[in-house]
Amino acid sequence: TTEAGGTQRKELLKLSHNRVNTTGNTLAEGDKGEITSFEGGFFFRKKLEEMGFHIGTTITIVARQWMSGPVIVRFENTEVAIGFNMAKRIRVKRV
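Residues numbered from 1 in each chain as written. Predicted model: local features only at pLDDT ≥ 70, side-chain atom pairs only at ≥ 80, totals over all residues. Heavy atoms only, no water.

(A) Local environment of the environment of threonine 23. Positionally, threonine 23 belongs in strand E1 (residues 21-23). A relative accessible area of 11% places threonine 23 in the buried class. Those residues in contact with threonine 23, other than ones at most four positions away along the chain, are Ala87, Lys88, Ile90, Arg91 and Val92. Within the local environment of threonine 23, its side chain forms a polar contact with the side chain of asparagine 25, the two groups lying 2.5 Å apart. (Helix = DSSP H or I, 4+ residues; strand = E, 2+ residues; numbered from the N terminus. Buried < 20%, exposed > 50% of the residue type's maximum accessible area, 1.4 Å probe, protein only. Contact = heavy atoms within 4.5 Å. Polar contact = N/O pair within 3.5 Å; in protein donor to acceptor, adjacent residues only side chain to side chain.)

Listed below in structure tokens is the structure:
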């Protein structure tokens, strides 16, 4: 029963982890997330929206570069490379 309880606890932690809001730069290659908010001022949000990022959009991380390099993101039929710090300011919910 201890092993079964431990397995169940791990599954619950995994499920709760999937629902936690995180940032775009913490997603691994292949991970998907739904944009929940942007951390930044008016001009930052405006720039992201002009690039096609909108709250509710599901993004997929295509590639991440080494040492805080750019993050390549896919959404709809578009792939965009954004800086690590820009990705860090996009809040997402794992899907």
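(B) Quick peek at the nonpolar core. Within the largest apolar cluster, 17 residues are counted, with the highest numbers of intra-cluster contacts made by Phe53, Val73, Ile82 and Ile90. Residue assignment for this core shows that the elements contributing at least two residues are strand E2 (32-38), helix H2 (42-51), strand E3 (58-64), strand E4 (71-75), strand E5 (78-82), helix H3 (84-88) and strand E6 (90-94). Examining the composition of this core, we find that three residues originate from one element, E4, more than from any other. Here isoleucine 82 is in contact with Met51, Phe53, Pro70, Val71, Val73, Ala87 and Ile90, once residues within four sequence places are set aside. (Core = buried A, V, L, I, M, F, W, Y, C linked by side-chain atoms within 4.5 Å.)

(C) Summary view of unusual backbone geometry. Phi at methionine 67 is positive, roughly 60 degrees, even though this residue is not glycine. Tracing the backbone shows methionine 67 in the loop between E3 and E4. With a relative accessible area of 61%, methionine 67 lands in the exposed category. Of note, glutamate 76 is a non-glycine position whose phi angle comes to about 50 degrees, a positive value. Within the secondary structure, glutamate 76 sits in the loop between E4 and E5.

(D) View of the side chain of asparagine 25. For asparagine 25, the position within the fold is in the loop between E1 and E2. Given the relative accessible area of 9%, asparagine 25 is considered buried. Dropping the residues within four chain positions of it, asparagine 25 is found in contact with Arg64, Phe84, Ala87 and Lys88.

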